[in-house]
Amino acid sequence: MKTDPKGVLTGVHYLDGDYACGEGAMAAGCRFVAGYPITPSTEVVERISRRFPFMGGTFIQMEDELASMAAVAGAAWTGTKSMTVTSGPGFSLMMENIGLAAMMETPCVVVNVQRGGPSTGLPTMVGQADMMQARWGSHGDYKVIAMSPQSPQEAFDLTIDAFNLAETYRVPVMFMMDECVGHMTEKVVIPDADEIDVVPRALSKKTPADYQPYAVNGRGVPEMVRAGDGYRFHTTGLTHDDRGYPEMSAERQQINVRRIMDKILLNVDDIVRIEEEDVDGAEVVVVAYGITARVARMGIDLARKQGVKVGFLRLVVVWPFPEKRIRELAAAVKAFVVPEINLGQMVLEVERCAAGQAKAVLVPHAGGGVHDPRVICDAIVEAAR
Amino acid sequence: MSATAHPPNPNDHPIAPYLRMDRMPHIWCPTCGIGTVVKCFATALEEADVDLDKVAITSGIGCTGRVAGYMKLDAFHTTHGRAIPFATGLKLARPELESVVFSGDGDLSGIGGNHFIHAARRNMDILVILVNNFIYGMTGGQNAPTTPISAKSSTMPFGNFERPFNLPHLAASCGASYVSRWTCLHIRRLTKCMRVALRRKGFRFIEVIAPCSTLYSRLNRLGGGLELMRFYHDNATIKHGIDTREVDIGFQDTIICGNFVDEEKPTFLEMMNAHYGKVLGDRYVPMPAEGGWLHD
């Protein structure tokens, strides 16, 4: 369906990535946000708290990130699209209820504007070192979807997609911005509301007597209902059966956990999103995401001037990882070069998928700035030898 | 054979319609007080004549954390300590809901203590029923923020030396609009208190002192369930409206019960709507009562 025009600030704007993300959320129909202030993400909720009162949205500044994530998980069960916003230290606190949202299969969006870590790290400076935390941060086996925008325009566009994916698969979606994209100001075009497609909550048509909150419907994603509509359903963070009732057994654990993994695994081709440039015939393919994707393009240009055949693969959806495509490319290229603002995270995934067929070369940066494109160029030239 | 020889049908129990009878028997120990509190709550729901389709119940983790799982309502068994913020999200995103939190002392005042004080400070529109058995029951009898001084627990085997919370005072001093305490023995008074609380607004807090004969009582050699109820009978006194500073609980000491606070004051939602209405006028669009969800 088309979105609610009340949240859409149609026009051509000059916005930073944080504001654009907030605008994307409102354009997607998000009407509940709970958050706790943290640099460099705070501008997202500042934008939202200024605009929500005019569109029927509620923002609440909770006492901490534990509460923020819990409130978002609760709000999502009313059918209201819900989001929280944070950075590394807050992301760590949210892991508890991200796990709950994954287990209860609760659609919601978690924005992490990444800064340098670990711990308090570099509050005002860029990092990309929470990428593995986004995938593995809560305990137990589960899967989420994660996206990484490279510009304020994408911060707007992809936030809408994040809400749509959350509804489609009933998962928390990690929106992995970084401080550079969050704080850079660029042109952002916001279309008319009738050009914005949103996925509304697909409510079960079953009667309360027939409805089971975790009975699958063929796609591996159970039908949802809203609290307050008379279904009187039950849901829990415990391992549960189709009725949402706890069942403590190895057999049920296998069924329950397997399915929350499979609903992502079996739909990987529909979820994965990458952009490729000049990968055919390339000796080296650079894999990057977020702000580093933009820096990498300069490194690629420099390497091409030295005669190296370089392709580029940008991760738009980071998790699930484009495993199949990396495997295909690994058979054709000498090496992948992976610049990222951490000391080696997504490169591990590239290396795993390449499975020895091609090298995976990390271009690390500990955080606090972006790569010097010449360093990326040097890594490409070296990898092509 | 006469009809009375047949065991009674559990589904004929007066509160069966309020319970998930397909989940019985429950996990609580014999003589545990939680079931009594559930019975009182179900009766209060019936007497208050609330629309059960609009009641959402949220629990955290622990023995009382299992209550949401047994109530035939929209029910959320969440993470340890986070029932209050979860219930806050439910309420704010669909304001017509009656959002009820039902959990234990360790859950709500230990790991969830920060959420408790902030929800009370905001006079958040939720009803919180806290069952206090003075101990962490589900994990085996460890010390709680409510364990009275000198009482033994599995992690204070020589007796507790930490000062416990006075929970009614905590709630009242943070701004709760309704604060009560009863024991499991006060069935009629507790039921009435819950019924009244369902008709009040804002942050409503009811503490219910409940026996844990498996752990608290055994570790402290206080006898079985009957002895504990007798203790409540002999040692609980009712003092409505008493200053909550006076209602600390000592080990095997007097338990002061009553309705301590019952004040009409603006709730979080009322404050928010009134404030935005004042500063933004008719440009203010409140969250619809049925939630801000997108639909055709």
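Residues numbered from 1 in each chain as written. Chains lettered and ligands numbered in written order. Predicted model: local features only at pLDDT ≥ 70, side-chain atom pairs only at ≥ 80, totals over all residues. Heavy atoms only, no water.

### Regarding the packing of helix 3 (residues 65-76) of chain A against helix 4 (residues 88-104) of chain A
All names here are of chain A. The contact between helix 3 and helix 4 brings their axes to 8 Å, and the two run at 30 degrees. Comparing their axes, helix 4 and helix 3 come out roughly parallel. The handedness of the crossing between helix 3 and helix 4 is right-handed. Contact residues: helix 3 offers Glu65, Leu66, Ser68, Met69 and Ala70, while helix 4 offers Gly90, Leu93, Met94, Glu96, Asn97, Ile98 and Ala101. Looking at the contact of helix 3 with helix 4, its residues break down into seven nonpolar, three polar and two charged. (Axes fitted to C-alpha atoms, helices over the stretch in contact; angles between N-to-C directions. Helix = DSSP H or I, 4+ residues; strand = E, 2+ residues; numbered from the N terminus. Parallel < 35°, antiparallel > 145°, perpendicular 65-115°, else oblique. Left-handed = near helix turned anticlockwise from the far one by under 90°. Contact = heavy atoms within 4.5 Å. Nonpolar A, V, L, I, M, F, W, Y, C, P; charged D, E, K, R; others polar.)

### Let's talk about the nonpolar core
Residues Phe32, Met174, Val287 and Phe336 of chain A together with Ile126, Phe203 and Phe205 of chain B are the most contacted members of the largest nonpolar core, which totals 80 residues. Among the elements that take part in this core, helix 4 of chain A stands out by supplying seven residues, more than any other. Counting the residues that make up this core, at least three belong to each of domain 1 (5-195) and domain 2 (277-384) of chain A. Not counting the four nearest positions on each side in its chain, Met174 of chain A is found in contact with Phe91, Ile98, Val110, Ala134, Val144, Ile145, Ala146 and Met147 of chain A. Listed in part, the 53 residues of the second largest apolar core include Val131, Leu190, Met194 and Ala197 of chain B. (Core = buried A, V, L, I, M, F, W, Y, C linked by side-chain atoms within 4.5 Å. Buried < 20%, exposed > 50% of the residue type's maximum accessible area, 1.4 Å probe, protein only. Domains from an automatic or database assignment.)

### Section: the sheet that holds strand 13 (residues 310-315) of chain A
Residues and elements named next belong to chain A. Pairing is mixed across the open sheet formed by five strands, whose spatial order is 11-13-12-15-16. Each having just a single partner strand, strand 11 (274-277) and strand 16 (359-364) make up the two edges of the open sheet. Recorded for the sheet is a direction-independent mean angle of 20 degrees between the axes of neighbouring strands. Here strand 12 (residues 284-288) pairs with strand 13 via five bridges, running parallel. Following the sheet pairing, Val287 is matched in strand 13 by Leu313. Contacts from helix 12 (residues 346-354) reach strand 12, strand 15 (335-340) and strand 16 within the one sheet, and its direction differs from that of strand 15 by about 165 degrees. (Pairing = 2+ DSSP bridges.)

### Details of the environment of Lys359 of chain A
Residue and element names in this part refer to chain A. Along the chain, the position of Lys359 falls in strand 16. For Lys359, a relative accessible area of 45% puts it in the partly exposed group. Sequence separation between Lys359 and Ser119 is 240 residues; the distance between their C-alpha atoms is 32 Å. When near neighbours in sequence (up to four residues on either side) are disregarded, Lys359 contacts Lys334, Ala335, Phe336 and Ala383.

### Here's the deal with the domain arrangement of chain A
Residue and element names in this part refer to chain A. Taken domain by domain, chain A comprises domain 1 (5-195) and domain 2 (277-384). On the side of domain 2, 24 residues touch domain 1, which itself brings 27 residues to the contact. Taken together, the two surfaces of domain 1 and domain 2 that pack against each other cover about 2000 Å², and 58% of this comes from carbon and sulfur. In terms of surface lost to domain 2, no three residues of domain 1 exceed Gln128, Met132 and Gln150, which account for 33% of the buried area on that side. Linking domain 1 to domain 2 there are two salt bridges. For Glu186, the salt bridge identified is with Arg294, shortest N-O distance 2.6 Å. Taken together, domain 1 and domain 2 are joined by 18 residue pairs in polar contact (both at pLDDT 80 or more). (Buried area = accessible area lost by both parts, 1.4 Å probe. Salt bridge = Lys/Arg side-chain N within 4 Å of Asp/Glu carboxyl O. Polar contact = N/O pair within 3.5 Å; in protein donor to acceptor, adjacent residues only side chain to side chain.)

### A closer look at the interface of chain A and chain B
Facing the 53 residues of chain A at the interface are 50 residues of chain B. Here chain A packs against chain B, burying approximately 4200 Å² in sum over the two surfaces, 60% of which is carbon and sulfur. Between chain A and chain B we count six salt bridges in total. We note a salt bridge from Arg82 of chain B to Glu96 of chain A, for which the minimum N-O separation is 2.6 Å. Applying the counting rule to chain A against chain B returns 29 residue pairs in polar contact (both at pLDDT 80 or more). Within the residue set of the side of chain A that touches chain B, elements represented by two or more residues are strand 3 (58-61), helix 3, helix 4 and strand 10 (234-236) of chain A. Broken down by element, the residue count for the side of chain A that touches chain B peaks at seven residues, all from helix 3 of chain A. Partitioning the side of chain A that touches chain B into residue classes produces 26 nonpolar, 17 polar and ten charged.

### What to know about the pattern of salt bridges
Residue and element names in this part refer to chain A. Considering all chains together, one arrives at 43 salt bridges over all chains under this definition. A salt bridge links Glu154 to Arg314, with the nearest nitrogen and oxygen atoms 2.4 Å apart. Of the two residues, Glu154 is situated in helix 6 (residues 152-169) and Arg314 in strand 13; the sequence distance between them amounts to 160 residues. Relative accessible area serves as the criterion here: at 1%, Arg314 is assigned to the buried category. One salt bridge connects Glu223 with Lys206, and the closest N-O pair in it is separated by 3.6 Å. Linking Glu223 in the loop between strand 9 (185-190) and strand 10 with Lys206 in the loop between strand 9 and strand 10, this pair joins segments that are 17 residues apart in sequence.

### Digging into the pairing of strand 5 (residues 178-183) of chain B
Residue and element names in this part refer to chain B. In terms of residue burial, strand 5 counts as a mostly covered element, since six of its six residues are buried. Neither face of strand 5 is exposed, since Tyr178, Ser180 and Trp182 on one face and Val179, Arg181 and Thr183 on the opposite face are all buried. Here six bridges tie strand 5 to strand 6 (residues 204-209), and the two strands are oriented parallel to one another. By the bridge assignment, Val179 is partnered in strand 6 with Phe205. Here four bridges tie strand 5 to strand 8 (residues 255-262), and the two strands are oriented antiparallel to one another. Pairing of Ser180 across the sheet is with Asn259, part of strand 8.

### Thoughts on the sheet that holds strand 5 of chain B
The strand order 10(A)-2(B)-1(B)-3(B)-4(B)-6(B)-5(B)-8(B)-7(B) describes an open sheet built from nine strands, whose pairing is mixed. Looking at the sheet topology across the chains shown, the edges are occupied by strand 10 of chain A together with strand 7 (236-238) of chain B. Neighbouring strand axes in the sheet, compared pairwise and without regard to direction, differ in orientation by 20 degrees on average. Here strand 10 of chain A pairs with strand 2 (residues 74-77) of chain B via three bridges, running parallel. Paired with Thr236 of chain A across the strands is His77 of chain B, a residue of strand 2 of chain B. Its contacts with the sheet place helix 9 (residues 225-235) of chain B against strand 5, strand 6, strand 7 and strand 8 of chain B, and it is angled at close to 40 degrees to strand 7 of chain B.

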